[in-house]
Amino acid sequence: MEKRVTFKGIWLPLLLVLPQIVITAVFFFYPAGQAIWQSLFIPDPFGLSMQYVGLGNFEYLLSNSYYRASFVTTAVFSILVTLVSMGVALYLADRLIKGPGVYRTLLIWPYAVAPAVAGVLWLFMFNTRVGVVTWYLGLLGYDWNHVLNGEEAMGLVVVASAWGRISYNFLFFLAGLQAIPRTVIEAAAIDGAHFWTRFRTIVFPLLSPTTFFLLVVNIVYAFFETFGVIHTITSGGPQQSTTILVYKVYSDGFVGQDLGSSAAQSVILLVLVGVLTIIQFKFIERRVHY
Amino acid sequence: MMLNSLIMAMGIAIGKIIISLLSAFAIVYFRFPGRRLFFWLIFLTLMLPVEVRIVPTYEVIAGFGMLNSYSGLIFPLIASATATFLFRQFFMTVPDELAEAARVDGASPMRFFFDILLPMSRTNIAALFVILFIYGWNQYLWPLLITTDPSMNTIVMGIKQMFPSGDDVADWPVIMATSILAMIPPVVVVISMQKLFIRGLVDSEK
């Protein structure tokens, strides 16, 4: 896409892009370069010298069972968050496509709640000592303790992360559903197609661009923005059962002060995000042809 | 803490909108050497959140002496391309005739920008502002790292500070009150500007 009409001048446009380029260079490219550079070294504990180790940090990470476990944790976590938030959102969007706007407002506001705050709220409900839900579960004879039980901890962070995300997915699914012509669905209904058949053969295929877009965006969300949830609820525990990759970058780099390893982890994440971005753009390009 | 959060959120929203309006304008309406290069440089930053490059970015900020300062809170989060792309897409839909007419009438590029382009982008700017305000307000990891001075803490990260260490009993009433305070501003923004918010969300992420 190019504009037919343009203005003349070389210095003015350069001046106009300058602020963004400077900020991007200083706070983006330089740190990213630093991360790649540092990932090749191991600094001594006092930060006085650095020893070149080549790809040693990466080799160490990939053979480290904790790091590999963190990969699996991240995969499980992001798949669960994505499925839960998208599933609930699609169900709600389908139910509420014609409902009054009040429902929409009620469903939208959780988007404004910071992941960290959402984490605190859920932690309060499931607190082992004062939590309301814990108390009711106790009445039912179930002893909830996410501080000791890794699976319960995972469940709690998944629910807390997915909760805030439902409103986002809901809005996109709602827009997608509203774009599907009612006549098509009516025609299918007259031909005797049941709800499930209609959904499977008409609604879902027509919704697939939205679904695919949300899939990528939600995975990226689960990878990075859920840091606040994890940090407030479990701090990666118990026994690293909720330590996702981003949390490990933080805990190794800032808490453990293992800068070389943390930088190498950043680089691995950079590559992962890069791949996700490429997938998304391939998809956007394809959608343009529709 | 509320004030710090407000300054940070406003700074990120306004700063991002200004620099991306300018660079989108330059990229769409001018042909200058390095245009493609700049475009791709900005493009590369599109999906990379600050969480990925925290340690080196922290070192940069520390090197500038910007720890515990508003500029340290704001600048690293401005370096992202979503807003630039949104404005670029929008400028592309502005009819060519407008720029042509402005040029025939002898208006300078900046005059065209301020008198025609800016008023036309008003809704987009407002929609984007809503999204960016929430984004800025809800930042957690970054303020957690670079503000060690309690007077610079933002409210969202301040909540975590109220949790006791070890086996102390948490003061839940205070923590919950703070959570409510941290939630109110962005929730009010979303609910009162629902239309703009939905528009900003759907536009900026696609």
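These numbers were taken from a predicted model, which means no experiment stands behind them. Throughout, a residue's number is its position along its own chain's written sequence, starting from 1. Note on labels: chains are lettered from A, ligands numbered from 1, in written order. With the structure being a predicted model, the display of local features is reserved for residues of pLDDT at least 70 and the display and counting of side-chain atom pairs for 80 or more, all residues being used for whole-chain, interface and lining totals. As a rule here, side-chain values cover all heavy atoms of the structure and leave hydrogens and water aside.

Digging into the overall build of chain B
Segments assigned H or I by DSSP are reported as helices when at least four residues long, segments assigned E as strands when at least two residues long, and all are numbered from the N terminus. Secondary structure summary: chain B contains 12 helices and 0 strands in total. Ordered by position from the N terminus, the helices and strands of chain B form the series α-α-α-α-α-α-α-α-α-α-α-α. In terms of its C-alpha atoms, chain B occupies a principal-axis envelope of roughly 75 × 40 × 25 Å. To sort residues, take the accessible area from a 1.4 Å probe on protein chains only and compare it with the maximum for the residue type: under 20% means buried, over 50% means exposed, and anything in between is partly exposed. Burial status across chain B gives 58% buried among its 206 residues. When checking whether two residues touch, look at their non-hydrogen atoms; a contact exists if any pair is within 4.5 Å. Once local pairs closer than 6 in sequence are excluded, the contacts in chain B between residues at least 24 apart make up 78%. Using the Shrake-Rupley algorithm and a 1.4 Å probe, accessible areas are obtained, with residue cover drawn only from the displayed protein chains. By element, 66% of the accessible surface of chain B is carried by carbon and sulfur atoms, the whole surface being about 8300 Å². Counted as positive: Lys and Arg. Counted as negative: Asp and Glu, with His and the chain ends omitted from the count. Where a charge sits is defined by one atom per residue type, namely NZ (Lys), CZ (Arg), CG (Asp) or CD (Glu). Distance between charge centres in chain B, computed from 13 positive and 13 negative side chains, equals 12 Å.

Considerations on the packing of helix H1 (residues 2–29) of chain B against helix H5 (residues 82–93) of chain B
Residue and element names in this part refer to chain B. The geometry of H1 relative to H5 is characterised by a closest axis approach of 8 Å and an angle of 45 degrees between their N-to-C directions. Looking at the two axes, H1 sits oblique to H5. Classified by chirality, the crossing of H5 by H1 is right-handed. Judged by residue contacts, Lys16, Ile17, Ser20, Leu21, Ser23, Ala24, Phe25, Val28 and Tyr29 of H1 engage Thr82, Ala83, Thr84, Phe87, Arg88, Phe91 and Met92 from H5. Within the contact of H1 with H5, the residues separate by chemical class into 10 nonpolar, 4 polar and 2 charged. With axes taken as lines fitted to C-alpha atoms, and helix axes fitted only over the stretch in contact, angles between N-to-C directions fall between 0 and 180 degrees. Angular relationships are summarised with four words: roughly parallel below 35 degrees, roughly antiparallel beyond 145, roughly perpendicular across 65 to 115, and oblique for the angles in between. Here is the rule for handedness: rotate from the far helix to the near one, and if that takes an anticlockwise turn smaller than a right angle the crossing is left-handed, while a clockwise turn gives right-handed. Put simply, Ala, Val, Leu, Ile, Met, Phe, Trp, Tyr, Cys and Pro go in the nonpolar bin, Asp, Glu, Lys and Arg in the charged bin, and everything else, Gly too, in the polar bin.

Quick look at the interface of chain B and chain A
In this assembly, 88 residues from chain B lie in contact with 73 residues from chain A. Buried surface area refers to the total accessible area, computed with a probe of radius 1.4 Å, that the two partners give up upon joining, counted for both partners together. Here chain B meets chain A over a buried area of about 7600 Å², counting both sides, of which 77% is carbon and sulfur. Pairs of N or O atoms are called polar contacts if they sit within 3.5 Å, as long as, within protein, a hydrogen donor faces a hydrogen acceptor (for residues adjacent in sequence, only side-chain-to-side-chain pairs). Run the count over chain B and chain A and you get 9 residue pairs in polar contact (both at pLDDT 80 or more). Of all the elements, helix H11 (residues 172–192) of chain B adds the most residues to the side of chain B that touches chain A, at 10 residues.

Notes on the nonpolar core
Throughout this description, the term nonpolar core refers to a set of buried Ala, Val, Leu, Ile, Met, Phe, Trp, Tyr and Cys residues connected via side-chain atoms within 4.5 Å. Phe77 and Tyr250 of chain A together with Ile54, Val156 and Phe197 of chain B are the most contacted members of the largest nonpolar core, which has 120 residues in total. Top contributing element to this core by residue count: helix H7 (residues 150–178) of chain A, with 14 residues. With sequence-adjacent residues up to four places away left out, Phe77 of chain A is seen in contact with Met154, Val157, Val158, Ser161, Ala222, Thr226, Ile230 and Ile244 of chain A. Core analysis: the second largest hydrophobic core is formed by 36 residues, Leu21, Ile27, Phe39 and Phe90 of chain B among them.

Considerations on the UniProt feature "domain: ABC transmembrane type-1" (unreviewed entry) in chain A
UniProt positions are given in the numbering used here, feature names are shortened, and annotations may be inferred rather than shown by experiment. With numbering aligned to this structure, UniProt lists the feature "domain: ABC transmembrane type-1" (unreviewed entry) at residues 67–280 of chain A. Along residues 67–280 of chain A, the helical share is 77% and the strand share 0%, with 27 Å between the first and last C-alpha atoms.

Some thoughts on the environment of Leu118 of chain B
All names here are of chain B. Among the structural elements, Leu118 can be located in helix H7 (residues 109–120). Sequence separation between Leu118 and Leu132 is 14 residues; the distance between their C-alpha atoms is 18 Å. For Leu118, the contacting residues outside a window of four places in its chain are Leu21, Phe113 and Ile125.

What to know about the UniProt feature "transmembrane region" (unreviewed entry) in chain A
All names here are of chain A. When the UniProt feature table is mapped onto this chain, "transmembrane region" (unreviewed entry) is found at residues 12–30, 69–93, 105–125, 153–180, 201–224 and 263–284. From the first C-alpha to the last, residues 105–125 spans 24 Å; its make-up is 71% helix and 0% strand. The annotated region residues 201–224 carries 100% helix and 0% strand content, and the separation between its end C-alpha atoms amounts to 34 Å.

Side note on a nonpolar patch on the surface
Residue and element names in this part refer to chain A. Within this analysis, patches are made of residues with over 30% relative accessible area and no salt bridge. Like charges are joined at 9 Å or less; nonpolar side chains (Val, Leu, Ile, Met, Phe, Trp, Tyr) at 5 Å or less. When a carboxyl oxygen of Asp or Glu is within 4 Å of a side-chain nitrogen of Lys or Arg, the pair counts as a salt bridge. Together, Leu62, Phe71, Val72, Val76 and Leu80 make up a nonpolar patch on the protein surface, roughly 400 Å² of accessible area in all. Ranked by residues supplied to the nonpolar patch, first place goes to helix H3 (residues 65–95) with 4 residues. Inspection of the secondary structure assignment puts Val76 in helix H3. According to the relative accessible area criterion, Val76 is partly exposed, its value standing at 38%.

Re the side chain of Asn127 of chain A
For Asn127 of chain A, the position within the fold is in the loop between helix H5 (115–125) and helix H6 (132–139). Judged by relative accessible area, Asn127 of chain A falls into the buried class, the value being 12%. Among the polar contacts made by the side chain of Asn127 of chain A, one reaches the main-chain amide nitrogen of Arg129 of chain A at a distance of 2.7 Å. When near neighbours in sequence (up to four residues on either side) are disregarded, Asn127 of chain A contacts Thr134 of chain A together with Trp172 of chain B.

Some thoughts on the side chain of Thr210 of chain A
Residue and element names in this part refer to chain A. Following the sequence through the fold, Thr210 ends up in helix H9 (residues 195–224). On the basis of relative accessible area, Thr210 is assigned to the buried category, the value being 14%. Beyond its immediate sequence surroundings of up to four residues, Thr210 is in contact with Phe172, Phe173 and Gly176.

Comments concerning the pattern of salt bridges
All names here are of chain A. Tallied over the full model, the rule gives 3 salt bridges over all chains. One salt bridge connects Arg95 with Asp94, and the closest N-O pair in it is separated by 3.9 Å. Relative accessible area serves as the criterion here: at 24%, Asp94 is assigned to the partly exposed category. Note that Lys248 and Asp252 form a salt bridge whose closest N and O atoms lie 3.5 Å from each other. With Lys248 and Asp252 both in helix H11 (residues 245–255) and 4 residues apart, the pair spans about one turn of that helix. Under the relative-accessibility criterion, Lys248 is labelled buried at 8%.

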